[in-house]
Amino acid sequence: MGFFGKGGEKKASPREELRLKIEALASDGAISYALPDTFGGGLAVVHLNPDYPNKGKKFVMSLESLENGKPSGKRRYLWDSNKAKDLADWVMDRLGKPFEG
């Protein structure tokens, strides 16, 4: 048995897994991560910019509040980036957890 488990395989970190999910987003998809109250609560939502490449950057991050534990449907633009790593870092630095809602 290797240092990292069976066969020495290293599992991707949650940060790396999120980066890969962002890079694999489909045009109508979004990834939601719940933020703790310390960082405002609600959801950090990453989706593709429908106007890219004509206008703006490839990925958009929005904040969305929760109502009775469910997404409100009202998103506030936060920022955008062409780098999935930057968005994944922002979410993970704020202790985001995958939201399945």
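Note that this is a predicted model, so its numbers are computed, not measured.

The rules we used
- Residues numbered from 1 in each chain as written.
- Predicted model: local features only at pLDDT ≥ 70, side-chain atom pairs only at ≥ 80, totals over all residues.
- Heavy atoms only, no water.
- Pairing = 2+ DSSP bridges.
- Helix = DSSP H or I, 4+ residues; strand = E, 2+ residues; numbered from the N terminus.
- Buried < 20%, exposed > 50% of the residue type's maximum accessible area, 1.4 Å probe, protein only.
- Polar contact = N/O pair within 3.5 Å; in protein donor to acceptor, adjacent residues only side chain to side chain.
- Contact = heavy atoms within 4.5 Å.
- Salt bridge = Lys/Arg side-chain N within 4 Å of Asp/Glu carboxyl O.
- Arc of directions from axis to C-beta.

K.L.:
What is the right way to read the sheet that holds strand β3 (residues 59-67) from this model?
P.N.:
What holds strands together in a sheet is hydrogen bonding between their backbones, with the strands either parallel or antiparallel. Within the open sheet, the five strands sit side by side as β4-β3-β2-β1-β5. Their pairing is antiparallel. Unpaired on one side and paired on the other, β4 (70-81) and β5 (97-98) mark the two borders of the sheet. As judged from the two bridges shared by strand β1 (residues 30-34) and β5, these two strands associate in the antiparallel manner. Residue Ala-34 lies in a different strand from β5, and its bridge partner there is Lys-97.

K.L.:
Mind showing me how you'd approach the side chain of His-47 here?
P.N.:
When you line up the elements, His-47 lands in strand β2 (residues 43-48). Judged by its relative accessible area of 16%, His-47 falls in the buried class. Engagement of the side chain of His-47 in a polar contact is seen with the side chain of Ser-62, the distance being 3.4 Å. Filtering out sequence-adjacent residues up to four positions away, His-47 remains in contact with Leu-25, Gly-29, Ala-30, Lys-58, Phe-59, Val-60, Ser-62 and Arg-75.

K.L.:
Is there a simple way to think about the environment of Glu-16 in this case?
P.N.:
Structurally, the position occupied by Glu-16 is in helix α1 (residues 14-23). Relative accessible area serves as the criterion here: at 30%, Glu-16 is assigned to the partly exposed category.

K.L.:
Mind showing me how you'd approach the pattern of salt bridges here?
P.N.:
Inspection of every chain in the model, using the stated rule, returns eight salt bridges. Arg-19 is the salt-bridge partner of Glu-23, the closest N and O atoms lying 2.7 Å from each other. Taken together, the residues Glu-23 and Arg-19, both in helix α1 and four residues apart, mark about one turn of the helix. When its relative accessible area of 42% is taken as the criterion, Glu-23 is described as partly exposed.

K.L.:
Honestly, α1 in this entry has me stumped. Any pointers?
P.N.:
Side chains that are three or four residues apart share a direction in an α-helix, a result of its 3.6 residues per turn. Buried within α1 we find Leu-18, Arg-19 and Ile-22. What you see down the axis of α1 is that its buried residues fit within an arc of 100°, all on one side. Where the residues of α1 are buried, they touch β1, β2, β3 and α2 (84-93).

K.L.:
Help me out: how do you make sense of α2 in this one?
P.N.:
Counting buried positions along α2 yields seven of 10 residues, so the element is predominantly enclosed. Turning to α2, its buried residues number three or more, namely Ala-84, Leu-87, Ala-88, Asp-89, Trp-90, Val-91 and Met-92. Here the buried face of α2 lies against α1, β1, β2, β3 and β4.

K.L.:
Looking at this structure, how should I read the environment of Lys-85?
P.N.:
Looking at the secondary structure, you find Lys-85 in helix α2. Using a relative accessible area of 48% as the deciding quantity, one classes Lys-85 as partly exposed. Taking the C-alpha atoms as reference points, Lys-85 and Leu-20, 65 residues apart in sequence, are found 8.6 Å from one another.

Honestly, that's just the spatial picture; any functional story needs more than this.
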